[in-house]
Amino acid sequence: VQLQASGGGLVQAGGSLRLSCLASGRTFSRYSMGWFRQAPGKEREFVAGITWSGGNTYYADSVKGRFTISRDNAKNTVYLQMNSLKPEDTAVYYCAARQGVMYSDRARYHYWGQGTLVTVSS
């Protein structure tokens, strides 16, 4: 599967953005999906994940209550709605896919998008 992330940009603190990740292929619904981010000089970290059915979602503590992950299997797309953005949310955001169970460990993901930059100004 190939992934293409979009929706990043520059936003003021307190603002919102919605990221999208479009997947190619006909078996998107079999994949658990995750959003990760990588800030300059830091390791790539888990942000949010969603199971193949969309029935379960998981969030890093740092974004819980502000970010929402969702998916539309008919459109082969997973979304990350980001509200109440903070300067510390500034990073390149990546979507990732894996068959089977959703994990927060980036090493368990087989497919990655190219990343989209989110910059939050104070």
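Quick caveat: nothing in here was measured; it's all calculated off a predicted structure. (Residues numbered from 1 in each chain as written. Predicted model: local features only at pLDDT ≥ 70, side-chain atom pairs only at ≥ 80, totals over all residues. Heavy atoms only, no water.)

**Side note on the state of the cysteines**
No. 1: On inspection of all chains with the given rule, the structure shows one disulfide.
No. 2: With its sulfur 2.1 Å from that of its partner, C21 forms a disulfide with C95. The S-S bond linking C21 to C95 shows a torsion near 65 degrees; that makes this disulfide right-handed. One end of the pair, C21, is in strand β3 (residues 17-23); the other, C95, is in strand β9 (residues 91-99), and 74 residues separate them in sequence.
No. 3: For C21, a relative accessible area of 0% corresponds to the buried category.
No. 4: Its relative accessible area of 0% is what places C95 among the buried residues. (Disulfide = S-S within 2.5 Å. Helix = DSSP H or I, 4+ residues; strand = E, 2+ residues; numbered from the N terminus. Buried < 20%, exposed > 50% of the residue type's maximum accessible area, 1.4 Å probe, protein only.)

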